[in-house]
Amino acid sequence: MTPPSAADSRLIVVVGARRSGTYLVQRLLCTHPDVVGIHSETYLFSRGLPPLFERVHHGLPASLRVGSTYADRERLIASVRDLCDELFASHRADPSQWLVERTPEHIHHLELITELYPDVRVVHVLRNGYAVVRSLLHQPWGPTRAVSAAREWRDAVRAGRAGAPRVRSYVEVRHEQLTTDPVAAMEGLLGALGLPVPEHVRDAIVAEARVVRSTRGARAGAGTMTRRQVRTVARVAGPLLDELGYEPSEPLARASRRVARAGRVLRTLASRLHPRPAAAGEGGAGYTPHVHQVLVDDLLTALRTGGRLDGLVAQEATLRIVGPGGGSWRGPGAVTAFQHALAGDPLVDGDYVSADIHPGGGLVVLSAALTGHGGAVDRTVVVRPSGSHIAEWSSTVTR
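Peer 1: Help me out: how do you make sense of the overall build of the protein in this one?
Peer 2: Secondary structure assignment for the protein yields 15 helices and 13 strands. Buried positions account for 49% of the 399 residues belonging to the protein. A fraction of 68% describes how many contacts in the protein between residues 6 or more apart in sequence connect residues 24 or more apart. For the protein, the accessible surface area stands at approximately 19100 Å², while carbon and sulfur atoms represent 53% of it.

Structural data, given as structure tokens:
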């Protein structure tokens, strides 16, 4: 692969309305050996950097404007890009690799992104607005009204297309083509980046496209929309839906089947723990999914770095490893035995290929694809937090 010039960041930003398939696009891009991805959404250009720019003005250096300070715009942009480059560098094994950053809401911040990275490649993922609204309505973190979900999809798509003229390299890709003919879709996308698509990459695309990575918990009734909701979507976003050629029928049926499968996977995983009825601080009032996701992240970090688990795991926690060499531990000595049993497991010392972590319903579910000394493996972890500690942990070998 040709080394990049100093002016080429080789940064690919994948954007789109939430639930449009941005994660799928990132995964498929990363099947190419010259492409790597950032495992999580960064929110860097939407929530990280804007507060900094809000505290800066470009008027008079001697201005007494309160809450703001003068900075030369060109020097500021160059310095912030250097900071972003440093953040991104840790995700590349080789600076010649393309790096995929995926945060759907960055679609509303293309002006800032392109000012920082004039060389950026923007991939805008489009998906049927009816299917997006259905999916949003049935996420525990999503809007509860069809009108809000329809506006979210409409405004995101409009923002992406309005920002396209200022982007040197802007590509739209349809979710529907990714699911029906992923090889053709990705050949076009990778070709736009100047990357060849040999046979082994085509095979990897087909294999990855078959994998269901999203197992987010859904509200009751997942996969369905009422006729009134469909009419609402048509009223709010009808002209844009017509322009893109989207109708409410078959895409909704396909989405219903996918969500039903994901729901069955999640219920199967949850049943392994037989969780007690939700209490405050768990699945009921006071349940804080983000805090519990951070708790699981901290525990995995401690396992990988040899840190202490005492402050993360409740004294009477039940810890399980399902599969060869596994077991179940509880009470005195459980944490030590648990750490010993996980020693050498790719979950602890392997390299992450991809990972999903989904808090909801009083549980946190982690699905990870890793590589270790024994090759590629999948691990599924289901955790039940209790307050600021982990009450139950079950990790399962799924491949």
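Peer 1: Can you help me understand the sheet that holds strand β2 (residues 35–37) in this one?
Peer 2: Strand pairing within a sheet occurs via backbone hydrogen bonds; the two strands may be parallel or antiparallel. Taken in spatial order, the 5 strands make up an open sheet running β2-β5-β1-β6-β7, and their pairing is parallel. Among the strands making up the open sheet, the edge pair consists of β2 and β7 (169–174). Each strand axis lies, on average, 25 degrees off the axis of its neighbour in the sheet, ignoring direction. Pairing analysis gives 3 bridges linking β2 to strand β5 (residues 98–102), with the strands arranged parallel. Looking at the pairing, Val-35 lines up with Trp-98 of β5.

Peer 1: What should I look at first to understand the packing of aromatic side chains in this one?
Peer 2: Each pair of aromatic rings is reported with the distance of its centres and the angle of its planes. What the rule picks out here adds up to 4 aromatic pairs. Considering the side-chain rings of Phe-338 and Trp-393, the 5.5 Å spacing of their centres and the 75 degrees angle between planes classify their relative orientation as edge-to-face. Placement of the pair is Phe-338 in helix α14 (residues 334–342) and Trp-393 in strand β13 (residues 389–397), with a sequence separation of 55 residues. Note on accessibility: Phe-338 and Trp-393 belong to one class, buried. An aromatic cluster of at least three residues, connected via ring pairs, comprises Phe-45, Phe-88 and Tyr-117. Here Arg-47 stacks its cationic end above the ring of Tyr-43, 4.2 Å away from the centre of that ring.

Peer 1: Teacher, can you tell me more about unusual backbone geometry here?
Peer 2: Among all residues except glycine, the phi angle is most often negative; among peptide bonds, the trans geometry is most common. We note that Arg-10 has phi near 50 degrees; this positive angle belongs to a residue other than glycine. The residue Arg-10 is located in the segment before β1 (11–16) in this model. The buried category is assigned to Arg-10, whose relative accessible area is 9%.

Peer 1: I would appreciate a short explanation of the pairing of β7 in the present structure.
Peer 2: Along any regular strand, the residues point their side chains to alternate faces of the sheet. Residue alternation in β7 divides its side chains into a buried set, Ser-169, Val-171 and Val-173, and an unburied set, Tyr-170, Glu-172 and Arg-174. Pairing of strand β6 (residues 121–126) with β7, which is carried by 6 bridges, proceeds in the parallel orientation. Residue pairing in the sheet places Val-125 in a bridge with Val-173 of β7.

Peer 1: Looking at this structure, how should I read helix α10 (residues 199–209)?
Peer 2: Because an α-helix packs 3.6 residues into every turn, residues spaced three or four apart end up facing the same way. Where α10 is concerned, the buried positions are Val-201, Ile-205 and Glu-208. Down the axis of α10, the smallest arc covering the buried residues is 75 degrees, so these residues share one side. Looking at the packing, one finds that the buried side of α10 touches α1 (22–29) and α9 (182–192).

Peer 1: Teacher, can you tell me more about the packing of helix α6 (residues 129–137) against helix α7 (residues 146–163) here?
Peer 2: Think of two packed helices as two axes; the pair is described by the angle between the axes and how far apart they sit. It is at 9 Å that the axes of α6 and α7 come closest, and there the two elements cross at 130 degrees. Taken as axis vectors, α6 and α7 run oblique relative to one another. Where α6 crosses over α7, the handedness of that crossing is right-handed. For the pair formed by α6 and α7, the contact residues are Gly-129, Val-132, Val-133, Leu-136 and Leu-137 on the first element and Ala-146, Ala-149, Ala-150, Glu-152 and Trp-153 on the second. Of the residues in the contact of α6 with α7, the class split is 8 nonpolar, 1 polar and 1 charged.

Peer 1: Explain the nonpolar core to me, please; I cannot follow it from the model alone.
Peer 2: In globular proteins that are soluble, nonpolar side chains generally tend to be buried together. Grouped together as the largest cluster of nonpolar side chains are 49 residues, with contacts concentrated most on Phe-45, Leu-49, Phe-88 and Trp-153. Every element with two or more residues in this core is listed here: β1, α2 (44–48), α4 (73–89), α5 (110–116), β6, α6, α7 and α11 (227–244). What Phe-88 contacts, discounting residues up to four positions off in sequence, is Leu-11, Ile-38, Leu-44, Phe-45, Leu-99, Glu-101 and Tyr-117. Listed in part, the 29 residues of the second largest apolar core include Phe-338, Leu-347, Ile-357 and Leu-370.

Peer 1: Just to check I follow, could you spell out the environment of Val-125 for this structure?
Peer 2: Along the chain, Val-125 falls in strand β6. A relative accessible area of 1% means that Val-125 is categorised as buried. As for Val-125 and Ser-20, which are separated by 105 residues in sequence, their C-alpha atoms are 6.3 Å apart. For Val-125, the contacting residues outside a window of four places in its chain are Val-14, Val-15, Gly-16, Ser-20, Gly-21, Thr-22, Val-25 and Val-173.

Peer 1: Just checking my understanding: could you explain the pattern of salt bridges for this structure?
Peer 2: Between side chains of opposite charge, pairing is possible as soon as their charged atoms come close. Counting across every chain of the model gives 15 salt bridges. As a salt-bridge pair, Glu-243 and Arg-161 come within 3.0 Å of each other at their nearest N and O atoms. Taken as a pair, Glu-243 in helix α11 and Arg-161 in helix α7 lie far apart in primary sequence, 82 residues in all. Accessibility expressed as a relative area gives 28% for Arg-161, which makes it partly exposed. Glu-199 is paired through a salt bridge with Arg-202; the nearest N and O atoms lie 3.4 Å apart.

Peer 1: Explain the environment of Arg-158 here, please?
Peer 2: You can see Arg-158 is positioned in helix α7. Taking relative accessible area as the criterion, Arg-158 reaches 47% and is therefore assigned partly exposed. Taking the C-alpha atoms as reference, Arg-158 lies 8.5 Å from Leu-240; in sequence the two are 82 residues apart.

Analysis parameters
Residues numbered from 1 in each chain as written. Predicted model: local features only at pLDDT ≥ 70, side-chain atom pairs only at ≥ 80, totals over all residues. Heavy atoms only, no water. Helix = DSSP H or I, 4+ residues; strand = E, 2+ residues; numbered from the N terminus. Buried < 20%, exposed > 50% of the residue type's maximum accessible area, 1.4 Å probe, protein only. Contact = heavy atoms within 4.5 Å. Areas by Shrake-Rupley, 256 points an atom, 1.4 Å probe, with all protein chains shown as cover. Pairing = 2+ DSSP bridges. Axes fitted to C-alpha atoms, helices over the stretch in contact; angles between N-to-C directions. Phe/Tyr/Trp six-rings, centres within 6.5 Å; stacked < 30°, edge-to-face > 60°. Lys NZ or Arg CZ within 6 Å of the ring centre and 35° of its normal. Arc of directions from axis to C-beta. Parallel < 35°, antiparallel > 145°, perpendicular 65-115°, else oblique. Left-handed = near helix turned anticlockwise from the far one by under 90°. Nonpolar A, V, L, I, M, F, W, Y, C, P; charged D, E, K, R; others polar. Core = buried A, V, L, I, M, F, W, Y, C linked by side-chain atoms within 4.5 Å. Salt bridge = Lys/Arg side-chain N within 4 Å of Asp/Glu carboxyl O.

Shape is all these values report; function is a separate question.
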